[in-house]
Every structure is written in structure tokens, then in C-alpha cells.
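One letter stands for each residue in the lines below.
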Amino acid sequence: MTPNLGVVFDVNVWLAAVLGPDSEYPYLSKVPPQTSNASADAVSLALDGEMFKVFTSPHIINHVARVLSGEGLSTNTVGDFLQMMTDITHFSGGSVFEPERQSLDSPDFEDNLILDLALGTGSTVIVTLDRDFLALNPWRGRLILHPRDFVLNLLSRR
């Protein structure tokens, strides 16, 4: 994987980074060493800004906001996390991008929106916790990886 690598984090990866086991949000541990929260580790690696570019979409941001609000987090905490998401995205060299609808390859509408983002940004890796989504790997020359596999792959290339 190279600095020009485009990566899309599924909604569930962003959410697990803040709500998942052993989350230390708003703190993100520097990786390595790895923590027990692979999603937080993946997001933390994006802070390097040297290994890959993160791309996200308004759909992902809005979905994360809905779930965090539904979990009872304060408006300020939700806003802070969304700001962190966009900061990480831009810091990595990626962007917030609204893709065209192109993919109907997954029976899950939400997964197709993530696939559309990968196509629209030329991203070659999608990181997800969704088992059904992982079953599509590889998809049109793109890898669909669990956060732990993504982190291990990146660290092995350092």
C-alpha cells in the first residue's frame, strides 16, 4: 500500500472507533502498538497522512451522526466527532466526495453507496466490519478488508 492509496472506511468502522470495545475517544492511540479496537487503529493510521488517503461522503457522515445521536451522545460530542472525521479525511489527503450512483452489486443499499464512493474516488480498499460486505472481496479490483486485516497489512509494509 502506498501514500497514493485511496481508502474508504464504512460507516461501521467510524462508529466502532468511537463506540466499540475499549474506545478511548476522543483519544486515538498511535499505531503500533495495536489496541483491541481495530477500527480505532485503522482510523489512527490515517492520522499519519503518509500511508493512504481516506475518502468519505455526506451519506457516511450523516449516517454516523444519526447513529451517534441515537446512542444518546450530546450534540456537541457528535459535532466534535464529525469534525474529527472530516479533519482526518482532509489531513490524509482525501476528501468528502458525493459519488454518482453506479453500483448495484450488493443486495444491501448501504453497501452499494460505499461501493459507489470507492468507484468515484478511485479508492482500491474498503474497510468494513460487515461480514456480508466482506464476502464481496475482491470487488472490481478492490480489496474489502476487516479493520484488523487492513491494519496488519499496512504495518507489515512499513
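A quick note: this is a predicted structure, and the numbers were derived from the prediction, not measured.

*Asks:* What am I meant to see in helix 1 (residues 11-19) here?
*Replies:* Of all nine residues making up helix 1, seven are buried, and the element is well covered by its neighbours. Here helix 1 has its buried residues at Val11, Val13, Trp14, Leu15, Ala16, Ala17 and Val18.

*Asks:* Is there a simple way to think about the pattern of salt bridges in this case?
*Replies:* When the charged atoms of two side chains lie near each other, side chains of opposite charge can form a pair. Scanning the entire structure with this criterion turns up two salt bridges. The closest approach of N and O atoms between aspartate 41 and arginine 148, which form a salt bridge, is 3.2 Å. With aspartate 41 in helix 2 (residues 38-46) and arginine 148 in helix 7 (residues 147-157), this pair connects stretches of sequence that are 107 residues apart. For aspartate 41, a relative accessible area of 1% gives the class buried. Residue arginine 101 is joined to aspartate 116 by a salt bridge in which the shortest nitrogen-to-oxygen separation is 2.5 Å. Of the two residues, arginine 101 sits in the loop between helix 4 (75-91) and helix 5 (109-121) while aspartate 116 sits in helix 5, which places them 15 residues apart along the sequence.

*Asks:* How should unusual backbone geometry be read in this particular structure?
*Replies:* Note: most peptide bonds trans; most residues except glycine with negative phi. In this chain, asparagine 137 is followed by proline 138 through a cis amide linkage whose omega measures -15°. Here proline 138 lies in the loop between helix 6 (131-134) and strand 4 (143-145). In this structure, arginine 140 takes a positive phi of about 45° despite not being glycine. Relative to the helices and strands, arginine 140 resides in the loop between helix 6 and strand 4.

*Asks:* What is the right way to look at the sheet that holds strand 2 (residues 53-55) in this model?
*Replies:* Think of a sheet as strands paired side by side through backbone hydrogen bonds, with each pair either parallel or antiparallel. Sheet architecture is open: four strands sit in the order 2-1-3-4, paired in parallel fashion. Of all the strands in the sheet, just strand 2 and strand 4 have a single pairing partner and so form its edges. The average undirected angle you get between the axes of adjacent strands in this sheet is 30°. Taken together, the three bridges between strand 1 (residues 6-9) and strand 2 define a ladder with parallel strand orientation. Its bridge partner lying in strand 2, valine 8 is registered against phenylalanine 55.

*Asks:* What am I meant to see in the environment of valine 96 here?
*Replies:* When you line up the elements, valine 96 lands in the loop between helix 4 and helix 5. A relative accessible area of 33% places valine 96 in the partly exposed class. For the pair valine 96 and isoleucine 61, spaced 35 residues apart in sequence, the C-alpha separation works out to 9.0 Å. Those residues in contact with valine 96 that sit more than four places away from it in its chain are Thr56, Ser57, Pro58, Ile61, Thr86, Thr89 and His90.

*Asks:* Before we go on, may I ask you to explain the packing of helix 3 (residues 58-70) against helix 4 in this structure?
*Replies:* Axis angle and axis distance: for two packed helices, these are the angle between their axes and the distance between the axes, and together they describe the pair. Across the interface, helix 3 lies against helix 4 with an axial gap of 10 Å and an inter-helix angle of 155°. Overall, the two elements helix 3 and helix 4 adopt an arrangement that is roughly antiparallel. As for how helix 3 packs across helix 4, the hand of that crossing is right-handed. Mapping the contact onto sequence places Ile60, Ile61, Val64, Ala65, Leu68 and Ser69 in helix 3 and Val78, Phe81, Leu82, Met85 and Thr86 in helix 4. The residue makeup of the contact of helix 3 with helix 4, split by class, is nine nonpolar, two polar and no charged.

Procedures and definitions
- Residue indices begin from 1 for each chain and proceed along its sequence in written order.
- This being a predicted model, a pLDDT of at least 70 is required before a residue's local features are given, and a value of 80 or more before pairs of side-chain atoms are given or counted; all residues contribute to the totals for chains, interfaces and linings.
- Heavy atoms from the whole structure form the basis of all side-chain values; hydrogens and water molecules are not counted.
- Remark: exposure states derive from per-residue accessible area (1.4 Å probe, protein chains only) relative to the maximum for the residue type, with buried under 20%, exposed over 50%, and partly exposed in between.
- Here a helix means four or more residues in a row that DSSP labels H or I, a strand means two or more in a row labelled E, and each is numbered from the N terminus.
- We define a salt bridge as a side-chain nitrogen of Lys or Arg found within 4 Å of a carboxyl oxygen belonging to Asp or Glu.
- Paired strands, as defined in this entry, are two strands with at least two bridges between them according to DSSP.
- Orientation is described by axes fitted as lines to C-alpha atoms, over the contacting stretch for helices, and by angles from 0 to 180 degrees between their N-to-C directions.
- Any two residues having at least one pair of non-hydrogen atoms within 4.5 Å are treated as being in contact.
- Note that the term roughly parallel is reserved for angles under 35 degrees, roughly antiparallel for angles over 145, roughly perpendicular for angles of 65 to 115, and oblique for everything else.
- Handedness of a crossing follows from how the near helix is turned relative to the far one, being left-handed for an anticlockwise turn of less than a right angle and right-handed for a clockwise one.
- Following the grouping adopted for this structure description, the nonpolar residues are Ala, Val, Leu, Ile, Met, Phe, Trp, Tyr, Cys and Pro, the charged ones are Asp, Glu, Lys and Arg, and the polar ones are all others, Gly among them.

These values are about where atoms sit, not about what they do.
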